[in-house]
Amino acid sequence: MRLIECVPNFSEGRNLAIVEKIVDEFRAKEGVRLLDYSSDADHNRSVVTIMGEPATVAAAVVRAVGVAVELIDLTKHSGEHPRMGAVDVIPFIPIKNVDMNECVELSKEVAKELFEKYSLPVYLYENSCSAETRRNLADVRKGEYEGLEKKMKRAGWKPDFGEAPHPTAGAVAVGAREILVAYNVNLGTSDVAIADKIARVVRHAGGGLRFVKAMGIELAERNVAQVSMNLTDYKKSSIYRIFELIKIEAARYGVPVIGSEVIGLVPMQALVDAAEYYLQIENFSINQVIESRLINHGQNN
């Protein structure tokens, strides 16, 4: 069996009827498993995780994008999370018997089809990028939907597919990457300026941890500020290390950490590493986790 994971992000987290119509394109489809989906009203964003055979995953994604383009209007969209499109980003991740080069080729095929089918311009990013300046999603997304028209006219920023923004759906970033952990830490304050300052310290671009991207946002419904992060290599920039660093920085402002959250799915090893650290377990192995042994035993039979 050949497996890839795909984690498309849609710019809708408030109208759940729209979210369900998008997710329906992944439900009960042969060759595709809907593993998880979650919506956030403050971010106004939904994250879907699917897995399956490359061709069937790609076909399902293309169908779901069609629904999103039809139903999401970015001229009326607002939210805390940066976005440049109704479908903001579509990453393909190799899981089993598929290598990164295959995911890169698949991402380019999907990108071409999205433009031809929906007139949706596409930027290729991460391992699929056509230039190093487009590797980092934050750079590709800079200026967001509102700045797309001017951005596309600037030297070096013409999309890989298309020339002008879709009037209501903007543009989408499509690429191939390794497993990423979306991890957020909530602070005991509503002052987003404090979250911004902490984010600047912990993220790599500010001199922080190498594989951390971070920004401060406001969760208006909960009246708290949040440090929202993507961990691009959880093995080298671990969850527990990031959590402890944020606690240290928050203490400078007299602010407690009141909780954290994982968006979407997370590798078991990332949580095992955190448990090992906080419980100070010596010589612990993931093979000591019953569920891990059961999974491995089933694969070997």
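Residues numbered from 1 in each chain as written. Predicted model: local features only at pLDDT ≥ 70, side-chain atom pairs only at ≥ 80, totals over all residues. Heavy atoms only, no water.

1. Remarks on the overall build of the protein chain
Here is step 1 of the chain: Looking only at helices and strands, the protein chain features 9 helices and 11 strands.
Here is step 2 of the chain: Rg of the C-alpha trace for the protein chain: 19 Å, near the compact-globule value of 19 Å for 301 residues, within the 12% margin.
Here is step 3 of the chain: Looking at the protein chain as a whole, 49% of its 301 residues qualify as buried.
Here is step 4 of the chain: Considering only contacts in the protein chain between residues 6 or more positions apart, those separated by 24 or more positions represent 71%.
Here is step 5 of the chain: Here the protein chain displays about 14,600 Å² of accessible surface, and carbon together with sulfur accounts for 50% of that area.
Here is step 6 of the chain: Considering the protein chain, the positive charge centre built from 36 side chains and the negative charge centre built from 41 side chains are found 4 Å apart. (Helix = DSSP H or I, 4+ residues; strand = E, 2+ residues; numbered from the N terminus. Rg over C-alpha atoms; globule rule 2.2 N^0.38 Å. Buried < 20%, exposed > 50% of the residue type's maximum accessible area, 1.4 Å probe, protein only. Contact = heavy atoms within 4.5 Å. Areas by Shrake-Rupley, 256 points an atom, 1.4 Å probe, with all protein chains shown as cover. Lys, Arg positive; Asp, Glu negative; His and termini not counted. Charge placed at Lys NZ, Arg CZ, Asp CG, Glu CD.)

2. Some remarks on the pattern of salt bridges
Here is step 1 of the chain: Here the structure, examined in full by the defined rule, presents 15 salt bridges.
Here is step 2 of the chain: A salt bridge links Arg-83 to Glu-146, with the nearest nitrogen and oxygen atoms 2.8 Å apart. Taken together, the residues span a long stretch of sequence, with Arg-83 in the loop between α2 (54-71) and β5 (87-96) and Glu-146 in the loop between α4 (137-141) and α5 (148-153) at a distance of 63 residues.
Here is step 3 of the chain: One connected set of salt bridges, linked through shared partners, spans Glu-20, Asp-24 and Arg-27. (Salt bridge = Lys/Arg side-chain N within 4 Å of Asp/Glu carboxyl O.)

3. Notes on unusual backbone geometry
Here is step 1 of the chain: One non-glycine residue, Ala-28, adopts positive backbone phi at about 50°.
Here is step 2 of the chain: With respect to the element layout, Ala-28 can be found in the loop between α1 (16-23) and β3 (32-40).
Here is step 3 of the chain: On the basis of relative accessibility, which here comes to 83%, the residue Ala-28 falls in the exposed class.
Here is step 4 of the chain: You will see that Asn-223, though not glycine, has its phi angle at about 60°, which is positive.
Here is step 5 of the chain: Its place among the elements puts Asn-223 in the loop between β9 (212-219) and β10 (224-231).

4. Some details on the packing of α2 against helix α3 (residues 100-118)
Here is step 1 of the chain: Contact geometry for α2 and α3: axes closest at 10 Å, N-to-C directions at 30°. Classified by the interaxial angle, the pair formed by α2 and α3 is roughly parallel. In the crossing of α2 with α3, the sense of the turn from one axis to the other is right-handed. Counting all contacts with α2, which are made through Pro-54, Ala-58, Val-62, Arg-63, Val-65 and Gly-66, the residues of α3 involved are Leu-106, Val-110, Glu-113, Leu-114, Lys-117 and Tyr-118.
Here is step 2 of the chain: Among the residues forming the contact of α2 with α3, the class breakdown is 8 nonpolar, 1 polar and 3 charged. (Axes fitted to C-alpha atoms, helices over the stretch in contact; angles between N-to-C directions. Parallel < 35°, antiparallel > 145°, perpendicular 65-115°, else oblique. Left-handed = near helix turned anticlockwise from the far one by under 90°. Nonpolar A, V, L, I, M, F, W, Y, C, P; charged D, E, K, R; others polar.)

5. Some remarks on the packing of helix α6 (residues 192-202) against helix α7 (residues 239-251)
Here is step 1 of the chain: Where α6 meets α7, the closest approach of the two axes is 10 Å, and the angle between their N-to-C directions is 135°. Regarding the angle of α6 to α7, the classification is oblique. For the crossing formed where α6 meets α7, the hand is right-handed. Along the contact surface, α6 presents Ile-198, Val-201 and Val-202, while α7 presents Leu-245, Ile-246, Glu-249 and Ala-250.
Here is step 2 of the chain: Looking at the contact of α6 with α7, its residues break down into 6 nonpolar, no polar and 1 charged.

6. A word on the nonpolar core
Here is step 1 of the chain: Of all hydrophobic cores here, the largest spans 56 residues; its most connected members are Val-65, Ile-90, Phe-92 and Leu-114.
Here is step 2 of the chain: Looking at this core element by element, the count peaks at 10 residues for α2.
Here is step 3 of the chain: In this structure Leu-114 touches Val-62, Val-65, Ile-90, Ser-119, Leu-120, Val-122, Val-172 and Val-174, once residues within four positions along its chain are discounted.
Here is step 4 of the chain: In this structure, Val-181, Leu-187, Tyr-234 and Ile-246 belong to the second largest nonpolar core, which totals 24 residues. (Core = buried A, V, L, I, M, F, W, Y, C linked by side-chain atoms within 4.5 Å.)

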